[in-house]
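One-letter residues, chain by chain:
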Amino acid sequence: MRSRLRRLRIPLYLPGPKPSAAGSGRRGGAKKRAQFSAQRETESGGLCDGVMADKRDYYEVLGVQKGATDQEIKKAYRKLAKENHPDLHPGDTAAEARFKEINEAYEILSDSSKRSRYDQFGFAGVDPSYGGGGGGGGGFTGDFDFGDLGDIFGSFFGGGFGGGTRTRNGPQRGESLRMGVTITFEEAAFGCEKEVSLDRVEQCETCRGSGAAPGTSPETCSNCGGSGTVQQRRQTPMGVFATTGPCPRCGGKGKIISTPCKSCGGSGQLRKRKTLKVNIPAGIDNGQIVSLRGQGNAGRNGGPAGDLQIVISVQPHQLFQRDGADVYCDAPITFTQAVLGGELEIPTIDGKVKYDIPEGTQTGATFRLRGKGIPNVNGRGRGDQYVTVHIETPRNLTREQKDALRKFSETLKEHNYKDRKSFFEKFKK
């Protein structure tokens, strides 16, 4: 019988305001019902709303469509991250908030597994704590089991319905923390070790997290028997409902501390300043995260500690630009070097190297230095460096230099200027 009744299709009717005895009319009754409906949605936070109002859609944050390719997402992220980088907007809290929001969106959408869960379930698919543990996502269909009814009616009648209410006496994982660390371009390329300081919640060493003074221990609550919840029956316009809520005596903990610990005041936890060493791997890029397992806030009732997430910000370099594992830079060359070719000294992240450019090199020509880019963060090989040359026109010439240049120009023929010849041939057509 229980299994047959486990899932019921129950239409949800909520009590509306009674019309006034006189002068209300059909229009007045409709107006009052509309006002009550709006008030009910406001108080309940919306029965069918699975998304919090203050959290923007990740695709909207990056300005891309839901079906965007990985390359489009990456391109949009790099543009926005560069525009909102904290180093370019010192003291601008709004820019810093946008930068964090952009990094959070890219962390999810750049990972195929996380992106799939987000597309299917929304924020609840990538953040277990999103929405406070309530039933998330989906529309309102009217098809519930009794656990679902507990979540729905609990918002109206102050407790769970037939079970399903969370208790506070079970193991609870600690909150994960997030902070930013800024490193140089070279530190990102080759890796480094940084020290970070943060305030976090730790287990009280005096009572070892129990909250009770040494030599004593918490007692089981006699009102709820240690469950942390009590059941009540309430008369409502829909009938009599059994509701489950936190025990008023122990506050839902299931335990009562008669003699609190003096160090922590009975909470079992203390906030302390902690300094940690963080190993940042070679090849890490701007906006990526280094996660330190178990270095967040301490858990409760034997639950594990949360994590510490370090968001990396890489300072822009004066000479180099980066795209993935590849490095790009521009190099000026003289007119003589462009004409005759020769050996060119080029800076790299490893130091200066020599490269032979061919004679007749044109402005905008790009040369590739294999293996001179950024080490891959997974430890497999390195990227390349691409050097684009630009011919610098000489200035402040003496009279003798100008005369020599005119004489040299007189010796040149049309075949010495391939692009110029082609340009005028097209013009004649």
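Residues numbered from 1 in each chain as written. Predicted model: local features only at pLDDT ≥ 70, side-chain atom pairs only at ≥ 80, totals over all residues. Heavy atoms only, no water.

Q: How do you make sense of the pairing of strand β12 (residues 308-314) when you look at a structure like this?
A: Each regular strand displays side chains that alternate between the two surfaces of the sheet. Across the seven residues that make up β12, a large majority, six, are buried. When strand β11 (residues 289-292) meets β12, the two strands line up antiparallel, connected through four bridges. What sits directly across from Ser291, in β12, is Gln309. (Buried < 20%, exposed > 50% of the residue type's maximum accessible area, 1.4 Å probe, protein only. Helix = DSSP H or I, 4+ residues; strand = E, 2+ residues; numbered from the N terminus. Pairing = 2+ DSSP bridges.)

Q: Explain the nonpolar core here, please?
A: Most often, soluble globular proteins have nonpolar side chains that are buried together. Of all hydrophobic cores here, the largest spans 20 residues; its most connected members are Tyr58, Leu62, Val64, Ile73, Leu109 and Tyr118. Where this core is concerned, the elements lending two or more residues are α2 (58-62), α3 (70-83) and α4 (93-109). With six residues, α4 is the largest single contributor of residues to this core. Ignoring any residue separated from it by four or fewer positions in sequence, one finds Ile73 in contact with Leu62, Val64, Ala68, Tyr106, Leu109 and Arg115. (Core = buried A, V, L, I, M, F, W, Y, C linked by side-chain atoms within 4.5 Å. Contact = heavy atoms within 4.5 Å.)

Q: Whenever I open this one, the side chain of Asp307 confuses me. Can you help?
A: Here Asp307 lies in the loop between β11 and β12. When its relative accessible area of 8% is taken as the criterion, Asp307 is described as buried. Side-chain polar atoms of Asp307 contact the backbone nitrogen of Gly294, separated by 3.0 Å. Setting aside anything within four residues of it in sequence, one finds Asp307 in contact with Arg173, Ser176, Leu177, Ser291, Leu292, Arg293, Gly294, Gln295 and Gly296. (Polar contact = N/O pair within 3.5 Å; in protein donor to acceptor, adjacent residues only side chain to side chain.)

Q: Hey, could you run me through a nonpolar patch on the surface in this one?
A: Among the surface-exposed residues, Phe335, Val339, Leu340, Leu405 and Phe408 lie close enough to one another that they form a single nonpolar patch of about 450 Å² accessible area. Counting only elements with at least two residues in the nonpolar patch, the list comes to α8 (335-340) and α9 (399-410). If one sorts the elements of the nonpolar patch by residue count, α8 sits on top with three residues. (Patch = residues over 30% accessible without salt bridge, like charges linked within 9 Å, V, L, I, M, F, W, Y side chains within 5 Å. Areas by Shrake-Rupley, 256 points an atom, 1.4 Å probe, with all protein chains shown as cover. Salt bridge = Lys/Arg side-chain N within 4 Å of Asp/Glu carboxyl O.)

Q: Is there a simple way to think about unusual backbone geometry in this case?
A: Most peptide bonds are trans, and most residues other than glycine sit at a negative phi. Positive phi, close to 55 degrees, is recorded for Arg208, a residue that is not glycine. You can see Arg208 is positioned in the loop between β5 (192-203) and β6 (219-220). Owing to a relative accessible area of 71%, Arg208 belongs among the exposed residues under this scheme. Phi is positive for Asn396, close to 60 degrees, though the residue is something other than glycine. Relative to the helices and strands, Asn396 resides in the loop between β18 (385-391) and α9.

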